[in-house]
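Fold and geometry: a report
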Number of protein chains: 2
Amino acid sequence: MTTSSFPAIYLIGSATTKFGELWDRDLRSLGLEAAQKALLDAKMQASHIDSLYVANMLSSRFSGQDHLGALFADQIQINAPSTHVEAACASGGVAIRQAWLELLSGQSQTIMVLGVEKMTDVSSAEASAGLSGASDEEWEAYYGVTFPSLYAMIAQNHMQLYGTTKAHLAACAVKNHFNACMNPNAHFRRIITMETAIKSQSIAEPLGLLDCSPISDGAAAIILSTKIKSPIELLTSQQSQDSLALHDRQDISSLAATKKAAQKAFQATNLTPQDIHFAEVHDCFTIAELLALEDLGFVSPGQSGPFVASGHTKLDGQLPINPSGGLKAVGHPVGATGIKQAAEIRDQLLHRAGERQVHIPSKKQFALTHNVGGSGATAVVSIWSHQT
Amino acid sequence: MTTSSFPAIYLIGSATTKFGELWDRDLRSLGLEAAQKALLDAKMQASHIDSLYVANMLSSRFSGQDHLGALFADQIQINAPSTHVEAACASGGVAIRQAWLELLSGQSQTIMVLGVEKMTDVSSAEASAGLSGASDEEWEAYYGVTFPSLYAMIAQNHMQLYGTTKAHLAACAVKNHFNACMNPNAHFRRIITMETAIKSQSIAEPLGLLDCSPISDGAAAIILSTKIKSPIELLTSQQSQDSLALHDRQDISSLAATKKAAQKAFQATNLTPQDIHFAEVHDCFTIAELLALEDLGFVSPGQSGPFVASGHTKLDGQLPINPSGGLKAVGHPVGATGIKQAAEIRDQLLHRAGERQVHIPSKKQFALTHNVGGSGATAVVSIWSHQT
């Protein structure tokens, strides 16, 4: 499926720590745990890693620690180039793309991608202020805009344009909480009802508390290789951009960066959205999951609400979305999120996802990960395959 | 000189803003200025750029702005993937290596690498605290270690081991200030004498004020391409790591990361240190310039002091080092530093460096850039050539 001149890239190991408010854990121990578990999963030593990417957004501000590439190379005992990349909440996705590029360059054969974030050592207000660095600080955050309010504007627009309802939004949250109950690493492991979701405390109309992903600590790591084979391949990893500020866009009924990244990813693999069996998408807010379904081409514009409400995105639906439980219920330790998505793909494709295992009928299976930064200024779409 | 299976990579444009305490300038305008000037220098439009890398260390902490890839893609009007990379003071060098990898992967043909830092909107104490994020926050900075003190320990060790003197250190500062007088973008443009340098206020013995690079604002940008030709080629860009904390190293008389990166760079290009005509090296402190001369293989261990004192590294010496004026006198806006080094290489190799032009005798000319993060946890060495 990859272009013949390029080497196949295998996903040979993955691991995720517990996500949540982990007050007894620091940045360093979380990152190290994910890295060591991923090495164990790949049955390899740190000395086999040719290059390390570390995805993180807020360690400089929250922990006073920069230079995370060097920190984790040191901790994990990886004696190889190590690079910290950041693209707000898409840091993990962007780090996977950097590893993909380096493997395609032929300069490295086995790369670890580690995502980590420690967010609960600061107050909620400081966490919110930190996260607003993902938006345009000067032209959005300075005037009081927060992420719930940005996505609330997107949701209002979608409701007016397509008749999307609060029940459609709630259906995403209910499904993701249900899935997360079967994910031992999830931040939230409790079932919520449609009624609780719809009536949850208003944060920024129409978004209530249960439409928002939480502030979490956590880490995840994957290992990609052109040298060591595995049934799971990373077929492509495509990134696109849009304006940083929401007010600079012509249309906020969709995320243009997601659409463009998806187009490029499908083009690179000669696949269509219909070929994808399941996906992990960026549901920082419930409305973001609805947009993702439309922007990735799974349903037509305006159809995502009814599609989710009909149960098609449940574990046993025609297109399981966020079998892990998504950002909504697994949690959203920013730098770790994009890597956790890939780890979930591996667990599912290896049929080791336990109670939340999705059923995949065909022999050749395809899955997709979708990671967004800010209100859609950065999007990364990666496509993965499994050959039984 | 590049391996036959890889495309040649050309340095087709470059620009540097004024470096200094630029109180009337912000992060955004500095980055935009460097990017636009680099586009002008390359005679191209932003729409021709396939990918953008942004090197920056402290914007999250000092400006409340993360997601700099998206910010600058937006500002420059580059409609392409954009990625922020950070490796403390080696951020610029690491960003060049990422661009090099992406060009080798064949996924992009023309890439802009932008480095930018705005450091003077915070107090000196906050700037120092921010910079200490390049060291091990938990095991160094927390106990009061600052960068002058880390490099002072390295200098003490070098003095005891090799008889290096304060006059040797001062010779680096005097030369770099002299060169910077002829660099219109330099932070400091005044000649200093050996006496002033040796007697400057003690910061951390044996380092005085004039042994330290300043805290500066500034930006620099380069454009690399496999599609558009130029006489200047990036032959290789190699990165290496060492422990984050200085106390975790067996030997502090040299930086192992520099040695390893240099070894890899010379091996990749089939060159030796003797082939290099001039270099821009990482002189965050004068002792760092001495270490660089030894670690890059230009002189034997312990010989750097006498070598500099003999004038061999002056503009008209046998091996001009830091013709720009170095970090010491041009200034050190962290993310911009590694990119400014490459811009200086281009100015010199195109014989457009004005009064500070170095004389290059042979037809095929080679130059080297060397960028260090922290007290040597990250090092990047790139080699550039010019075919007349």
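Residues numbered from 1 in each chain as written. Chains lettered and ligands numbered in written order. Predicted model: local features only at pLDDT ≥ 70, side-chain atom pairs only at ≥ 80, totals over all residues. Heavy atoms only, no water.

A few points about the relation of the copies chain B and chain A
The line we're drawing: Copy-to-copy alignment: least squares on C-alpha atoms, limited to residues at pLDDT 70 or above in both. Only heavy atoms matter for contacts: two residues are in contact if any of them lie within 4.5 Å across the pair.
Least-squares fitting of chain B to chain A yields an RMSD of 0.0 Å, with the superposition described by an axial translation of 0.0 Å and a rotation of 180°. Taken together, the rotation angle and the small translation identify this as a two-fold axis. Within chain B, Ser105 of chain B has its C-alpha nearest the rotation axis, a separation of 1.9 Å. When the interface residues of chain B are mapped onto chain A, 100% of them again lie at the interface, so the same face is used by both copies.

Some words on unusual backbone geometry
If a residue is not glycine, its phi is most likely negative; likewise, a peptide bond is most likely trans. As a reminder, the rule being used: A run of H or I in DSSP counts as a helix once it spans at least four residues, and a run of E counts as a strand once it spans at least two, with each numbered from the N terminus. Residue exposure (1.4 Å probe, protein chains only): buried if accessible area is under 20% of the type maximum, exposed if over 50%, otherwise partly exposed.
With omega at 5°, the peptide bond leading from Glu205 of chain A into Pro206 of chain A counts as cis. In this structure, His351 of chain A is a non-glycine residue whose phi angle is positive, near 55°. Relative to the helices and strands, His351 of chain A resides in the loop between α13 (334–349) and β10 (364–373). The class for His351 of chain A is partly exposed, based on a relative accessible area of 45%. Notably, Ala88 of chain B is not glycine yet its phi reads approximately 50°, a positive angle. If you trace the backbone, Ala88 of chain B turns up in the loop between β3 (82–86) and α4 (91–105).

Considerations on the environment of Gly69 of chain A
Residue and element names in this part refer to chain A. Assignment of secondary structure puts Gly69 in helix α3 (residues 68–76). On the basis of relative accessibility, which here comes to 3%, the residue Gly69 falls in the buried class. Sequence separation between Gly69 and Tyr53 is 16 residues; the distance between their C-alpha atoms is 6.7 Å. Not counting the four nearest positions on each side in its chain, Gly69 is found in contact with Leu52, Val54, Ser82, Thr83 and His84.

Concerning the nonpolar core
Note the threshold: Residues grouped as a nonpolar core are buried Ala, Val, Leu, Ile, Met, Phe, Trp, Tyr and Cys residues, joined through side-chain atoms within 4.5 Å.
Counting 68 residues, the largest nonpolar core has Val113 and Leu224 of chain A together with Val113 and Leu224 of chain B as its most contacted members. If sequence neighbours within four positions are ignored, Val113 of chain A has contacts with Tyr53, Ala95, Ile96, Ala99, Ala220, Ala221, Ile222, Leu224 and Ile339 of chain A.

Nothing here speaks to function; it is all geometry.
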